Amino acid sequence: MAILNIVKEGDPILRKKCRPVTEITPRIRQLAEDMAETLIDANGAGLAAPQVGILRRMVLVDNGEEILTLINPEIIAAEGEQEEMEGCLSVPDVWGITHRPARVTVRAMNLAGETIEVTGEGLTARCFCHELDHLDGVLYIDNAVHILTPEETDEMLKEREKED
Ligand code: NI
């Protein structure tokens, strides 16, 4: 296991379209393990392969119960709406408000090569959309309804501390 370097906004790799994973090789399994360790270390909710410099269609999402590894993921259903806070490990110290569906179902392959379907609401739904966008070179700041000012960010962080 290894903690990988997270690529930051401005690096052209984040703007490229990723290719599908054609086979679950030991290298892909290793990548999934390293990405999981990196995600936990960074205290994030999700991580996409291009964020660690790998242009493959693979993302990890922490749904609060487990870290899902989603290979060649596709959104097959989306319903409702939400406007909530979003951030990205590749865009540090920036927060924005995004408009996303409230409930999202993703079909993907897992590390055993099986097709799975997972549904998420709230943060997990946002995370599915956000991570899948990364696979097509899209960052949430491209579509954010509003990017928080430094003052608004301070305010938000203070409120979060209270909640904790
Ligand atoms: Ni991101």
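Read on for an overview of the structure. (Residues numbered from 1 in each chain as written. Predicted model: local features only at pLDDT ≥ 70, side-chain atom pairs only at ≥ 80, totals over all residues. Heavy atoms only, no water.)

Details of the overall build of the protein chain
- When helices and strands are counted, the protein chain shows four helices and eight strands.
- If you list the helices and strands of the protein chain from N to C, you get α-β-β-β-β-β-β-β-α-α-β-α.
- What you see for the protein chain is a C-alpha radius of gyration of 15 Å, in line with the 15 Å of a compact globule of 164 residues.
- Principal-axis analysis of the C-alpha atoms places the extent of the protein chain at approximately 45 × 35 × 30 Å.
- Every one of the 164 residues in the protein chain was classed for burial, and the buried ones make up 41%.
- Long-range pairs, those at least 24 residues apart, make up 66% of the contacts in the protein chain between residues at least 6 apart in sequence.
- Accessible area of the protein chain: about 9000 Å², with a carbon and sulfur share of 47%.
- Here the protein chain carries 16 positive and 32 negative side-chain charges, and the mean point of each set is 8 Å from the other. (Helix = DSSP H or I, 4+ residues; strand = E, 2+ residues; numbered from the N terminus. Rg over C-alpha atoms; globule rule 2.2 N^0.38 Å. Buried < 20%, exposed > 50% of the residue type's maximum accessible area, 1.4 Å probe, protein only. Contact = heavy atoms within 4.5 Å. Areas by Shrake-Rupley, 256 points an atom, 1.4 Å probe, with all protein chains shown as cover. Lys, Arg positive; Asp, Glu negative; His and termini not counted. Charge placed at Lys NZ, Arg CZ, Asp CG, Glu CD.)

Let's talk about the coordination of the nickel ion
- At this site the nickel ion is bound by C88 (SG), H130 (NE2) and H134 (NE2), with donor distances of 2.0 to 2.2 Å.
- Sequence spacing of the donors to the nickel ion: C-x41-H-x3-H. One end of the pair, C88, is in strand β4 (residues 82–88); the other, H134, is in helix α2 (residues 123–134), and 46 residues separate them in sequence. Summarising the burial analysis for this pair, C88 and H134 share the class buried. (Donors = N, O, S within 2.8 Å, 3.2 Å for Na, K, Ca; no water.)

Quick word on the pairing of β4
- The sheet contact formed by β4 and strand β5 (residues 91–100) spans six bridges and is antiparallel. Directly across from M85, in β5, lies its bridge partner I97.
- Turn length for the β4-β5 hairpin, with the two strands adjacent in sequence and antiparallel, is two residues. (Pairing = 2+ DSSP bridges.)

Here we look at the environment of P101
- Structurally, P101 is set in the loop between β5 and β6 (103–109).
- Contacts of P101, omitting those with residues within four sequence positions, involve A78, E79, G80, E81, Q82, A125 and C129.

Quick word on unusual backbone geometry
- For N43, which is not glycine, the phi torsion reads 60° and is therefore positive.
- Among the structural elements, N43 can be located in the loop between α1 (26–42) and β1 (46–48).
- Of the residues examined, N43 reaches a relative accessible area of 71% and is grouped as exposed.

Looking at the environment of L148
- Looking at where L148 falls in the secondary structure, it is placed in the loop between β8 (146–147) and α4 (150–163).
- In sequence terms L148 and I97 are 51 residues apart; their C-alpha atoms lie 7.6 Å from each other.
- Ignoring anything within four residues of it in the chain, the contact list for L148 reads M85, W95, G96, I97, T153 and M156.

Brief notes about the sheet that holds β8
- The strand order β4-β5-β8 describes an open sheet built from three strands, whose pairing is antiparallel. With one partner strand each, in any of the chains shown, β4 and β8 form the two edges of the open sheet.
- Note: β5 against β8, two bridges, orientation antiparallel. Paired with G96 across the bridge in β8 is I147.
- Set on the sheet, α2 makes contact with β4 and β5; between it and β4 the angle comes to about 50°.
- Strands β4, β5 and β8 of the sheet are contacted by α4, whose axis makes an angle of about 85° with β5. (Axes fitted to C-alpha atoms, helices over the stretch in contact; angles between N-to-C directions.)

Structural notes on the pattern of salt bridges
- As enumerated under the stated definition, the model contains eight salt bridges in all.
- Of the charged contacts in the structure, one is a salt bridge between D142 and R15, with a shortest N-O distance of 2.8 Å. Taken together, the residues D142 in helix α3 (residues 140–143) and R15 in the segment before α1 connect sequence positions 127 residues apart.
- The exposure class of R15 is partly exposed, given its relative accessible area of 42%.
- Among the ionic pairs, D133 bridges to R100, the shortest N-O distance being 3.2 Å. In this pair, D133 is assigned in helix α2 and R100 in strand β5, connecting sequence segments 33 residues apart.
- Taking the relative accessible area as the measure of exposure, R100 reaches 10% and is therefore buried.
- A network of salt bridges, in which partner residues are shared, links K17, R57 and D136. (Salt bridge = Lys/Arg side-chain N within 4 Å of Asp/Glu carboxyl O.)

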